[in-house]
Amino acid sequence: MSKLICRVFIICLSLFSSVSYAQVSSVQNIQARKILSLNGKWNYIVDPYENGYYDYRHDPFDQSKTGTGGFFDDKVQKDKSELIEYNFDLSPQMNVPGDWNSQSEKLELYEGTVWLRRKFNATPEAGKRYFVYFAAVNYESHIYLNGKKLGVHKGGFTPFQFEVTGKLNKGENSLVVKADNTRKQDEIPTVNTDWWNYGGITRDVFLAELPEHYINDYKIQLSKGRKNAINFSLKLADAFAGQEITLTIPELKLEKKYKTDSEGKISDEFTWNNLNLWSPENPKLYAVNIKSATENIQDQVGFRTIEVKGNDILLNGKSVFLRGISIHDENPLLAGRLRSEGDMRMMLQWAKDMNCNYVRLAHYPHNEEMVRLADEMGLLVWAEVPVYWTISWENPATYANAKQQLTDLILRDKNRASVIVWSIGNETPLSTPRLNFMSNLAETARSLDDTRLVAAALEVHRDGNTIILNDPLGEKIDLVSFNEYAGWYWGGTPAEITKYSFNIKYNKPVVITEFGGDALGGFHADENTRWSEEYQESLYKNQIAMLTKIEALRGMTPWILTDFRSPRRQHPVYQNFWNRKGLISETGKKKKAFFVLKDFYNQMQTKYK
Ligand code: GCB
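Residues numbered from 1 in each chain as written. Predicted model: local features only at pLDDT ≥ 70, side-chain atom pairs only at ≥ 80, totals over all residues. Heavy atoms only, no water.

Here's the deal with the pattern of salt bridges
Using the following cut-off: By definition, a salt bridge exists where a carboxyl oxygen of Asp or Glu is found within 4 Å of a side-chain nitrogen of Lys or Arg. Put simply, DSSP H or I for four residues or longer makes a helix, DSSP E for two residues or longer makes a strand, and each gets a number counted from the N terminus. Only protein chains enter the accessibility calculation, which uses a 1.4 Å probe; a residue whose area is less than 20% of its type maximum is buried, one above 50% is exposed, and one in between is partly exposed.
Following the criterion strictly, the structure yields 43 salt bridges and no others. With a shortest N-O distance of 3.2 Å, Arg117 and Asp74 are connected by a salt bridge. Note that Arg117 is positioned in strand S5 (residues 113-122) and Asp74 in the loop between strand S2 (40-46) and strand S3 (93-96), a separation of 43 residues in sequence. Using a relative accessible area of 11% as the deciding quantity, one classes Asp74 as buried. Of the charged contacts in the structure, one is a salt bridge between Glu255 and Lys257, with a shortest N-O distance of 3.8 Å. By the burial criterion, Glu255 is exposed, and Lys257 matches it. Bridged by salt links that share partners, the residues Asp299, Glu368, Arg372, Asp375 and Arg416 form one connected network.

Details of the nonpolar core
To be explicit about the condition: We define a nonpolar core as any set of buried Ala, Val, Leu, Ile, Met, Phe, Trp, Tyr and Cys residues linked to one another through side-chain atoms lying within 4.5 Å. The contact criterion used is simple: two residues touch if any of their non-hydrogen atoms lie within 4.5 Å.
Ranked by size, the top nonpolar core spans 89 residues in total, and within it Ile325, Val387, Phe437, Phe482 and Leu597 carry the most contacts. Excluding residues within four positions of it along the chain, Phe437 makes contact with Ile188, Val387, Ile391, Ser392, Trp393, Thr398, Tyr399 and Ala402. Formed by 29 residues, the second largest nonpolar core is a distinct cluster that contains Leu116, Phe134, Leu150 and Leu175.

So, the domain arrangement of the chain
Basically, it comes down to this: Residue ranges labeled as domains rest on an automatic or database domain assignment. A 1.4 Å probe defines the accessible area here, and the buried area is the portion of it lost by two parts on being joined, summed over both. N or O atoms within 3.5 Å of each other form a polar contact, as long as, within protein, one can give a hydrogen and the other can take it, and as long as residues adjacent in sequence are counted only when both atoms are side-chain atoms. Basically, the charged four are Asp, Glu, Lys and Arg, the nonpolar ten are Ala, Val, Leu, Ile, Met, Phe, Trp, Tyr, Cys and Pro, and anything else, Gly included, counts as polar.
Taken domain by domain, the chain consists of domain 1 (23-211), domain 2 (215-293) and domain 3 (316-607). Using C-alpha coordinates to define each centre, domain 2 is positioned 33 Å away from domain 3. Listed by partner, the interface residues are 15 residues for domain 2 and 20 residues for domain 3. Both faces combined, the contact of domain 2 with domain 3 buries some 1,400 Å², and carbon together with sulfur accounts for 53% of it. We note a salt bridge from Asp217 to Lys414, for which the minimum N-O separation is 2.7 Å. Our count for the domain 2 to domain 3 interface comes out at nine residue pairs in polar contact (both at pLDDT 80 or more). Classifying every residue of the side of domain 2 that touches domain 3 by side-chain character gives eight nonpolar, three polar and four charged.

Quick word on empty space enclosed by the protein
Think of a ball as big as a water molecule: rolled over the atoms, this probe shows where empty space is left. Stated formally: Buriedness of a pocket was judged along seven lines, with at least five required to meet protein on both sides within 12 Å; pockets are open sets of points on a 1 Å grid over the protein atoms alone, cavities are sets where a 1.4 Å probe fits but cannot get out, and lining residues have an atom within 4 Å of a point. Grid points are joined across faces, edges and corners, and a volume is the space filled by probe spheres set on the points.
Tallied over the full model, the rule gives five cavities of 30 Å³ or more. By volume, the largest cavity amounts to about 130 Å³. For the largest cavity, the lining is made up of 13 residues, of which Asn138, Tyr139, Arg183, Pro189 and Asn197 are closest to its centre. Tallied by class, the residues present in the lining of the largest cavity amount to four nonpolar, six polar and three charged. If you add up the space inside the second largest cavity, you get close to 100 Å³.

Topic: the pairing of strand S30 (residues 466-469)
Side-chain direction in a regular strand flips from residue to residue, so the side chains alternate between the two faces of the sheet. Stated formally: Only strands joined by at least two bridges in the DSSP assignment are considered to pair.
Bridging between strand S29 (residues 461-463) and S30 involves three bridges; their strand directions are antiparallel. Of the residues in S30, the one forming a bridge with His461 is Ile468. Turn length for the S29-S30 hairpin, with the two strands adjacent in sequence and antiparallel, is two residues, and the turn residue Gly464 shows positive phi of about 60°. The pairing of S30 with strand S32 (residues 501-504) spans four bridges and is classified as parallel. Bridged to Ile467 within S32 is Phe502.

Focus on unusual backbone geometry
In this model, Asn138 is joined to Tyr139 through a cis peptide bond whose omega is 5°. Mapped onto the fold, Tyr139 is located in the loop between strand S7 (137-138) and strand S8 (140-145). The residue after Ile188, namely Pro189, is reached through a cis peptide bond having omega 0°. When you line up the elements, Pro189 lands in the loop between strand S11 (171-180) and strand S12 (200-201). Backbone geometry at Asn274 places phi at a positive 60°, although glycine is not the residue there. One can find Asn274 in the loop between strand S18 (265-271) and strand S19 (286-291). Phi is positive for Trp531, which is not a glycine, with a value near 75°. Structurally, Trp531 is set in the loop between strand S33 (510-512) and helix H6 (533-547). Residue classification places Trp531 among the buried residues on the basis of a relative accessible area of 15%.

Thoughts on the sheet that holds strand S9 (residues 148-154)
The test is simple: Helix axes use the C-alpha atoms of the stretch in contact, all axes being lines fitted to C-alpha atoms, and the angles between their N-to-C directions lie in the range 0 to 180 degrees.
Pairing within the open sheet is antiparallel, and its six strands lie in the order S3-S2-S5-S11-S8-S9. Edge positions in the sheet fall to S3 and S9, since each has one partner strand and no second. Averaged over neighbouring strand pairs, the angle between their axes works out to 30° when direction is ignored.

Points about the site of the ligand
Applied cut-off: Working definition: residue near molecule or strand if any one of its non-hydrogen atoms lies within 4 Å of it. Accessible surface is estimated by sampling points in the Shrake-Rupley manner with a 1.4 Å probe; for residues, cover comes only from the protein chains shown.
The environment of the ligand is formed by 14 residues, the closest being Asp194, His363, Tyr388, Glu427 and Tyr489. In this structure, Asn579 approaches the ligand through a side-chain N or O atom, which is 2.8 Å from an oxygen atom. Separating an oxygen atom of the ligand from a side-chain N or O atom of Lys581 is a distance of 2.6 Å. Here the ligand loses 97% of its free accessible area of 320 Å² to cover by the protein chains.

Here we look at the environment of Leu285
Relative to the assigned elements, Leu285 resides in the loop between S18 and S19. We classify Leu285 as buried; its relative accessible area is 17%. Setting aside residues up to four positions removed in sequence, Leu285 forms contacts with Trp278, Gln300, Val301, Gly302, Asp375 and Glu376.

Quick look at the structure:
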């Protein structure tokens, strides 16, 4: 009994400590605000023993009442007798955004703490509010400005911000980030993944200047299933009533005026006919302008509806086949996460070259810019959180973390027409605690956004030649989506795949989230030789033959667009830390299977015209 009380106490304590630094929810559309980029060269110190964080009794310096010693002080020696055992100015530099693993050979496999520091000048003005905004830091970050702790954030792929009003120096400031990418069982993701654990500040950093009562969030999208009903809501940062807000869409000659209510909010739904709806064939984006007394925010927004009806997925009321491919946030040509618009455009263009109208941005939130590009280029998106494989289903802090990451993803991308699916996880093993955890996540997604589909990549099991999908989570989500690796991890050679048939419990659209097999680009042999392009080509042909027998098949995102780096992949000849299931090789060359999928997608395009 006392053990139980103790455990509950520890859980409460860990929940409490994760919220002890109040974090305000990230501002919508940061790029359109007044921002100073803090990207560029940051000095860094590798700290495997966390020497800059803990004293020799292993007490954190930033919680000690007496004196300091932590690296966040960013001290320099004042006189020759002073002992300071670190120095940011004399330490090496790395590019931000950028992970450390790909920027220093020594750090390729490093998982642990690295301190990063950037100096910048500021001229704070009275009456303005200031925030430091991080688009992503992997995984746990402690943020300090001028030696003062701003807060802690967990999660490697979602944005966060801390207020620094009143904390900025006029003139020089020192921003220090302790980033730690150590994998831990109770985190999201957990210890076991099949991708490179790129550590560091992997996306943009900004200093944002915002007015009093700034617009923290807004949503402008069609109401569920209604092609002529625009849903507009907005929230100021505080409960400021009577703020005048004007919404305009110049091309439509649409202008609406509002006043915020006592909670600082606006919520409206209005009819608007003759909208030119967004679709992959017509990725129409409207310039949208949201103005208050002190702000003028520009955005580009598309309008479309997405629903399921029986076995069909209806995009703007019309049945669609999702011609997709899975994508990791990694550049095969240049190690690291996608860094620039050019990188992102290259990936999405490859998908378009295969005649895709859909991408699965696996297995975690990708860059906001990637999703905006999908809007612009006309690609539907499956967006996902890293609830991957075997999570600590019974730890409430783990659940709170997963829920936060899902919430942050939905808040960030809810205005993107391209996003049609919120995925709550990938290949999670059946159990009651897992079902509770995942069902609650599904409910969270629906409560935050009732206009999109909620899904998860499920697992199947086999009975003889029957592949069975009966995961009870299937009840709670909109699509039947699953990963299956017939012809690779199980089920014989590619030639044997066609003997399988499916037994699917749910009458919902089937959108296969993964199938595939590895091929080393340029390695040619017969179709029974593992790792050859011919094996992969034959596997794709026969997978397609097998899957098209599913009557409710409405799409797929085979695994995966390009080869990607993964420390789990150790074959010295064929893998060398690469997962070779890409349809495009590490050098950017299309493998034979690329063309098999493209042919199939051409047929599907004609069929669903
Ligand atoms: C899967 C996972 C994916 C892996 C893939 C593989 O089922 O969802 O993350 O990379 O299989 O290659 O084994």
